[in-house]
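Topology and contacts: notes
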Amino acid sequence: MRVAELRQQFPILGRTVKDKPLVYFDNAATSQKPQCVIDALTHYYSHYNANIHRGIHTLAEEATMAYEATRSAVQDFIGAASAEEIIFTRGTTEAINLVAHTWGRENVGAGDEIIISGMEHHSNIVPWQIICEEKNAILKVIPVLDNGELDMDAFKQLLSNKVKLVAIVQVSNSLGTVNPVKEIIAAAHQVGAKVLVDGAQSAVHLDINVQDLDCDFFAFSGHKVYGPTGIGALYGKKMLLDTMPVFQGGGEMIKEVTFEKTTYNDLPYKYEAGTPNIADTIALKTALDFIAKIGKNQIRKHEDELLAYATVQLQAIPGLTIIGQAKNKVGLVSFVIDNVHPQDIGVLLDNMGIAVRTGHHCTQPLMKRFGIPGTVRASFALYNQKEEIDVLIAGLHKTIKMLA
Ligand code: PLP
């Protein structure tokens, strides 16, 4: 992969921070955007800004076509059987909440169980807690092993016909662990449970095929796949989406409204009330095309090399412990250093132009499991280089000296 050339396509990578060249290692929080994505936003607003679906004028038609083209692009990106199964949401969080408040409210009852894992992001914990509280259902948690992998034996012990849903992250945002979701889905289906996969971190690194996985729901966010913020998608099997109750009420999601009764629109519009985020949806397609042009395999290979390189370099630092040493990981490394608070490391690295994330990464129960307040997390993208890891390592040596 020609990383130096690809970097040219990301204007932000040319800037400095605190008079130092920016080293951006906060990609798991949000990735940077290539010029083509930025251009797609500007082009929409300067050439065919219009509300979609309802208009018959040229601008409305052009905007509608571009908006719906993204739906097909997302269908391809995750291997869905049909574009009707793709619901646009603000992101992963809204997608999970949509399932919780529609499917969850209707299908989870008193005494039923929902299984999540000990490495879930808060957005795949709290919506299920809300439903469990409301319905008197029980939330069960798959334990995380010391190396950052799921305890699959314990998972199998949790399965019974009381389980209505398994909501599981495919790639941990705090550990980098790639979970065996295909195996989890097959086992959950054996007891009649549905499975929601949180793909917020996996969508950018792994080839996703929801039909092959056989998951019932899959959620991801556009801003983590080189696309804009404020747009993401929920995949659901048509059979489920067709029979689930509606989410928000308003324009677009209806067929006919009278004061006595309202009938609802077909998929996917049934779940897309109101004027959607048109510009960002359109630019998401540009981001997905950008990834497809490079090839996910090429990107993964490059990120794996960065991970291997960073892991060796980091392990050589005295007092540093990597949290999350699963056999199957993406390009993300979380670590702690003896007697130094992650926050202090983050501040000093920022002074050197290095952007890492520090803290609990919205996985407080996982931090508690490891008995730490948080970690320093460096997460890699297609535009990162080994030289930048060298800058991080040098920065960490300097930081330790300053804080010792
Ligand atoms: N799930 C995981 C694993 C994440 O890493 C994130 C964001 O960091 C989310 C869910 C929530 O995504 P969003 O904030 O885009 O809705």
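Structure's up top.
Definitions and limits used
- Residues numbered from 1 in each chain as written.
- Predicted model: local features only at pLDDT ≥ 70, side-chain atom pairs only at ≥ 80, totals over all residues.
- Heavy atoms only, no water.
- Axes fitted to C-alpha atoms, helices over the stretch in contact; angles between N-to-C directions.
- Helix = DSSP H or I, 4+ residues; strand = E, 2+ residues; numbered from the N terminus.
- Parallel < 35°, antiparallel > 145°, perpendicular 65-115°, else oblique.
- Contact = heavy atoms within 4.5 Å.
- Nonpolar A, V, L, I, M, F, W, Y, C, P; charged D, E, K, R; others polar.
- Salt bridge = Lys/Arg side-chain N within 4 Å of Asp/Glu carboxyl O.
- Buried < 20%, exposed > 50% of the residue type's maximum accessible area, 1.4 Å probe, protein only.
- Pairing = 2+ DSSP bridges.
- 1 Å grid on protein atoms, 1.4 Å probe; cavity = no way out; pocket = protein on both sides within 12 Å on 5 of 7 lines; lining within 4 Å.
- Points joined across faces, edges and corners; volume = space filled by probe spheres on them.
- Domains from an automatic or database assignment.
- Phe/Tyr/Trp six-rings, centres within 6.5 Å; stacked < 30°, edge-to-face > 60°.

For the pair helix 2 (residues 35–48) and helix 3 (residues 58–78), the least separation of the axes is 10 Å and the interaxial angle reads 160°. Relative to helix 3, the element helix 2 is oriented roughly antiparallel. Judged by residue contacts, Tyr44, His47 and Tyr48 of helix 2 engage Leu59, Glu62, Ala63 and Ala66 from helix 3. The residue makeup of the contact of helix 2 with helix 3, split by class, is five nonpolar, one polar and one charged.

Now for the pattern of salt bridges. Counting across every chain of the model gives 23 salt bridges. Between Arg90 and Glu94 there is a salt bridge, and its shortest N-O distance comes to 3.6 Å. For Arg90, a relative accessible area of 59% puts it in the exposed group. Residue Lys140 is joined to Glu113 by a salt bridge in which the shortest nitrogen-to-oxygen separation is 3.4 Å. Here the residue Lys140 occupies a position in strand 6 (residues 138–142), and Glu113 occupies one in strand 5 (residues 113–117), the gap between them amounting to 27 residues. For Lys140, a relative accessible area of 29% puts it in the partly exposed group. Taken together, the salt bridges that share partners define one network made up of Asp26, Arg357 and Arg377.

Here the focus is the sheet that holds strand 7 (residues 163–169). Overall, mixed pairing links the seven strands, which are arranged 4-10-9-8-7-5-6 in an open sheet. Strand pairing shows two members of the sheet lacking a second neighbour, strand 4 (86–89) and strand 6, which therefore form its edges. Within the sheet, the average angular offset between the axes of one strand and its neighbour, ignoring direction, is 20°. With five bridges joining them, strand 9 (residues 217–221) and strand 10 (residues 232–236) adopt antiparallel strand pairing. Looking at the pairing, Phe218 lines up with Tyr235 of strand 10. Each of strand 4, strand 9 and strand 10 is contacted by helix 3, which is oriented at about 115° to strand 4, the strand it contacts most. Strands in contact with helix 7 (residues 181–190) are strand 7 and strand 8 (194–198); relative to strand 7, the strand with the most contacts, it is inclined by about 175°.

Applying the stated criterion across every chain, the model contains one cavity of 30 Å³ or more. Size it by volume and the largest cavity reaches roughly 90 Å³. For the largest cavity, the lining is made up of 15 residues, of which Asn27, Ala28, Val204, His205 and Phe380 are closest to its centre. Of the residues that constitute the lining of the largest cavity, the class distribution is seven nonpolar, six polar and two charged. Residue-level mapping places the lining of the largest cavity at the junction of two domains, with at least three residues from each of domain 1 (3–25 + 295–403) and domain 2 (38–292).

By the definition in use, this model includes eleven aromatic pairs. Between the aromatic rings of Trp103 and Phe217, the centroid separation amounts to 6.3 Å while the plane-to-plane angle is 65°, which identifies the pairing as edge-to-face. Of the two residues, Trp103 sits in helix 4 (residues 92–107) while Phe217 sits in strand 9, which places them 114 residues apart along the sequence. Residue Trp103 is classed as buried on the basis of its relative accessible area of 4%. When its relative accessible area of 0% is taken as the criterion, Phe217 is described as buried. Taking 6.1 Å as the distance between ring centres and 75° as the angle between the ring planes, the aromatic pair formed by Tyr226 and Tyr383 counts as edge-to-face. On the criterion of sequence distance, the pair formed by Tyr226 in the loop between strand 9 and strand 10 and Tyr383 in the loop between strand 17 (375–379) and helix 15 (386–403) is long-range, its members being 157 residues apart. Judged on exposure class, the residue Tyr226 and its partner Tyr383 are both buried. Linked through ring pairs, Phe10, Tyr226, Phe290 and Tyr383 together constitute an aromatic cluster.

Turning to the layout of surface pockets, a few remarks are in order. Each pocket or cavity is described by its volume, and for the largest pocket that value is around 430 Å³. Taken together, 24 residues line the largest pocket, and the ones lying closest to its centre are Ala28, Ala29, His121, His223 and Lys224. Only helix 4 and strand 16 (357–359) provide two or more residues apiece to the lining of the largest pocket. The dominant element in the lining of the largest pocket, judged by the number of residues it contributes, is helix 4, at three residues. When grouped by side-chain class, the residues that make up the lining of the largest pocket number six nonpolar, twelve polar and six charged. Counting only domains with at least three residues in the lining of the largest pocket, you end up with domain 1 (3–25 + 295–403) and domain 2 (38–292). Considering only enclosed or pocket space, the second largest pocket measures out at about 260 Å³ in volume. Every residue lining the second largest pocket is counted, 18 residues in all, and those nearest its centre are Phe88, Thr89, Arg90, Glu94 and Pro276. Counting residues per element, the ones that place at least two in the lining of the second largest pocket are strand 4 and helix 4.

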